[in-house]
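# Tertiary structure, described
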Amino acid sequence: MHHGIKRKRPRYRINQVWRTATSAMVLVCLIGFALVALRWTWMMEEWPGMGLDVSTGGELLGEQSPIEHEWTQFVHYGARYLMRMVRDTEGVRGRFIYNLYESGTFKKSSYNVLRHAGAVFAMASYIQWVPRHHSTGMVVQLDELTEKTAQAVDYLKTAFLKPLTNSNTTGVIPLAMWDEPSLITKKTNARRRCAKLGGAGLGLVALTSFEAIRPGMTRLNDLALLAEFIKFMQRDDGSFDSKYCDTFGMDDSVVSLYYPGEASLGMVQLYELTKRREYLRVALRGMMYLASTRAESTSVERDHWALLATEKLLKHLHVLRVEDEGEVRQRLLYHGDQIVQSLIQKTEDMLRKTRRMNATGNPPMPSDGRTTPTATHLEGLMAAMSFSQKINELEMRENAYVSARFLVASQIRHVDESNMRHGGIPAAVGHQDTKSKAIRIDYVQHAICGVMRAIDAGIPLLETI
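Residues numbered from 1 in each chain as written. Predicted model: local features only at pLDDT ≥ 70, side-chain atom pairs only at ≥ 80, totals over all residues. Heavy atoms only, no water.

## Looking at the sheet that holds strand 6 (residues 194–196)
Across the sheet, which stays open at both edges, the 3 strands sit in the order 6-7-8 with antiparallel pairing between neighbours. The open sheet terminates on both sides in strands that have one partner only, identified here as strand 6 and strand 8 (249–250). Of the pairings in the sheet, the one linking strand 6 to strand 7 (residues 243–245) comprises 3 bridges and is antiparallel in character. Each residue of the ladder has a partner; that of Ala195, found in strand 7, is Tyr244. (Pairing = 2+ DSSP bridges. Helix = DSSP H or I, 4+ residues; strand = E, 2+ residues; numbered from the N terminus.)

This is the structure:
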């Protein structure tokens, strides 16, 4: 026996415990990294603008919470997308690639002159907007984009702008924006052409917008004759017929929500170019009809084009020297506030989700994931901010913020900016079907027009919502 000698405690037990703890920590870290990777994979699939299109791979592009620089990038990329969609092939030079699918392919489909004109309007708006926002380190191909817009303007006029036929008009023969011929019946193979009020309205919006950039691109007489078609379509009470067909005349079966606002906006812009008050009168009669028929409604349609027209009309209302101008102005303002209230009710759910989930950094999303309704709501809110009297301005700004944030997050971005889909806006996010992932030119048009105005109004400063 070795009394008095103190045994040393074996160290292998301590080492074993340390190794076990270390292994557990490593395992926890690996699980954590795996969960983060899965989360980012989900985010990139659900929110294309958070990174690159998952079909091509690539690195993430920036912060989850959009800032003004990111919103400006969004506009640049969207404008470049529209520029790339303008075809340069003989015979269709200036025509847009209308739909672009996830595979990068596109197919022939019915071509909508309204959406062509709307895309031209967006490109012209961008050309006038970008000099104020060029200090972002991005190379803006403004000369090329201007030339592409001019090609699209030429195509709009040569392919669609034609005289009215069989109209029983006396004297001046109006010009109209005719749709491409559509099949009446397969049995007879007969075709008809129709001209829509909205085509003339957005045609004027597009052509007058580009006139501010390149004066003389369109003859003033042609613009006046296109305005004659809008006057021809207006009824005595200020309302409009929506569609005229060469085979049977007015088509009373078609009633469009947006055509009156589009036509009124076009007429106001033509007034701004020519200073002829007759165009303002047509716009005022059209907007007053809408204001009167909707005055007693508790909920009105979300008519963003009417808000765009009202914004400009109010600036020039004094020129007409109408009787009871104060009352007329108030009726227009009340109608505008009715529409704004409908827009806010639609986006309120997104705003609540944003406040509730702000700590997660997730972008807001409407329940159906659709992009264009959110974009048009944003356009309407931005127009109304200049004149709305009864709607709380902070509430409007907050709703505009969540709308723009969703749109920015939905944009598709690639490492290779020459990729056809780079900068495009899909029909919807959060869905895997082909239709939801398709990009159409008007999806991009409305999105960049809304976000441009949001940037100008300082909406990105609300990133603490």
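## Topic: the environment of Leu202
Relative to the elements of secondary structure, Leu202 occurs in helix 5 (residues 197–211). On a C-alpha basis, the gap between Leu202 and Tyr259 in space is 8.7 Å, while along the polypeptide they are 57 residues apart. In contact with Leu202, other than residues within four places in its own chain, are Leu114, Ala117, Glu262 and Trp305. (Contact = heavy atoms within 4.5 Å.)

## Let's talk about the packing of helix 2 (residues 68–85) against helix 14 (residues 441–456)
Contact geometry for helix 2 and helix 14: axes closest at 9 Å, N-to-C directions at 150 degrees. For the element pair helix 2 and helix 14, the recorded crossing hand is left-handed. In contact with Glu68, Trp71, Thr72, Phe74, Val75, Gly78, Ala79, Tyr81, Leu82 and Met85 of helix 2, helix 14 contributes Ile441, Val444, Ala447, Ile448, Val451, Met452, Ala454 and Ile455. The residue makeup of the contact of helix 2 with helix 14, split by class, is 15 nonpolar, 2 polar and 1 charged. (Axes fitted to C-alpha atoms, helices over the stretch in contact; angles between N-to-C directions. Left-handed = near helix turned anticlockwise from the far one by under 90°. Nonpolar A, V, L, I, M, F, W, Y, C, P; charged D, E, K, R; others polar.)

## So, the packing of aromatic side chains
Counted under the stated rule, the structure contains 10 aromatic pairs. Judged by centre distance (5.4 Å) and plane angle (45 degrees), the rings of Tyr98 and Tyr111 are tilted. Of this pair, Tyr98 sits in the loop between helix 2 and strand 1 (99–100) while Tyr111 sits in the loop between strand 1 and helix 3 (113–129), and the two are 13 residues apart along the sequence. Each member of the pair, Tyr98 together with Tyr111, is buried. (Phe/Tyr/Trp six-rings, centres within 6.5 Å; stacked < 30°, edge-to-face > 60°. Buried < 20%, exposed > 50% of the residue type's maximum accessible area, 1.4 Å probe, protein only.)

## Section: helix 14
End to end, helix 14 covers 23 Å across 16 residues, agreeing with the expected 22 Å (1.5 Å per residue, within 8%). Among the residues trailing helix 14, Gly458 stands out with phi positive, at a value near 75 degrees. (Expected span 1.5 Å × (residues − 1).)

## Comments concerning the state of the cysteines
Enumeration according to the criterion identifies 1 disulfide in this entry. Between the sulfur atoms of Cys194 and its disulfide partner Cys245 the distance amounts to 2.1 Å. Negative torsions about the S-S bond denote left-handed disulfides, and the value of about 100 degrees found for Cys194 with Cys245 makes this one right-handed. Here Cys245 lies in strand 7 and Cys194 lies in strand 6, a separation of 51 residues in the sequence. (Disulfide = S-S within 2.5 Å.)

## Quick notes on the pattern of salt bridges
In the structure shown here, the tally under the stated rule is 18 salt bridges. Between Arg95 and Glu180 there is a salt bridge; the shortest N-O distance is 2.7 Å. With Arg95 in the loop between helix 2 and strand 1 and Glu180 in the loop between strand 3 (175–177) and strand 4 (182–183), this pair connects stretches of sequence that are 85 residues apart. Residue classification places Arg95 among the buried residues on the basis of a relative accessible area of 14%. For Glu180, a relative accessible area of 28% translates into the label partly exposed. Two residues, Arg214 and Glu147, come together in a salt bridge whose shortest N-O distance is 3.6 Å. Here the residue Arg214 occupies a position in the loop between helix 5 and helix 6 (220–233), and Glu147 occupies one in helix 4 (residues 142–160), the gap between them amounting to 67 residues. Here the salt bridges share partners, and the residues they tie into one network are Glu228, Lys231, Arg276 and Glu278. (Salt bridge = Lys/Arg side-chain N within 4 Å of Asp/Glu carboxyl O.)

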